[in-house]
Amino acid sequence: QQQLDEGVKKMFVMLLLDPIDHNTDLDPWPWGGESIFRNGKYCGTVTTTSYGFSLAKQICLGFLQDFDDNGNPKFITPEFIKNAEFEVDICGTLYPAQCRLNPPVLPKKVMLEGPDLTPHRHKSN
């Protein structure tokens, strides 16, 4: 109830790395622990990463905070995320990322389990 009344100081988000700027074949992959920057200012840390095969992008999960001049966390709202540009620092290089509060919509026809190779019996006459 306290969070509903006062707000939150930390928000869990999904960051999708831009596949044009981050080439999964050539660039280092995130492993967790990478810094997240909002408009050039440190705002959080990546906790979990994975490659999203259905999206063909690197996906990072992490927590964001808004710090005041003394380094103390302030209350944040969804607008803090919607109205900014985000980057993830991977091995000293900042890669642009799309920050999301909700999961992305998957493509309509995604074959997650591969083709159906189950053997079928033929009908006998």
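From a predicted model like this one, the values you see are computed outputs, not experimental measurements. Per chain, residue numbering runs from 1 following the sequence as it is written. Given that the model is predicted, a residue must reach a pLDDT of at least 70 before its local features are reported, and side-chain atom pairs must reach 80 or more before they are shown or counted; all residues, however, enter totals for whole chains, interfaces and linings. Only hydrogens and water are set aside; all other atoms, that is, all heavy atoms of the structure, feed into the side-chain values.

A. How the structure looks around the overall build of the chain. Each helix corresponds to a stretch of at least 4 residues labelled H or I by DSSP, and each strand to a stretch of at least 2 residues labelled E; elements are numbered beginning at the N terminus. Looking only at helices and strands, the chain features two helices and eight strands. Shown N-terminal to C-terminal, the secondary structure of the chain runs as helices and strands in the order α-β-β-β-β-β-β-α-β-β. Type-normalised accessible area, obtained with a 1.4 Å probe on protein chains alone, sets the label of each residue: buried when under 20%, exposed when over 50%, and partly exposed for intermediate values. Relative to its full complement of 125 residues, the chain shows a buried share of 28%. The criterion used for residue contact is that any of the two residues' heavy atoms lie within 4.5 Å. Look at the contacts in the chain between residues 6 or more apart in sequence, and 62% of them connect residues 24 or more apart. Residue exposure ignores everything except the shown protein chains as possible cover, and the areas themselves are Shrake-Rupley values with a 1.4 Å probe. Summed over all atoms, the accessible surface of the chain reaches about 9100 Å², with 52% contributed by carbon and sulfur.

B. Local environment of the pattern of salt bridges. The salt bridge definition used is simple: a Lys or Arg side-chain nitrogen within 4 Å of an Asp or Glu carboxyl oxygen. As enumerated under the stated definition, the model contains one salt bridge in all. Its salt-bridge partner being Asp66, residue Lys74 comes within 3.6 Å of it at the nearest N-O pair. Judged by relative accessible area, which is 17%, Asp66 ranks as buried.

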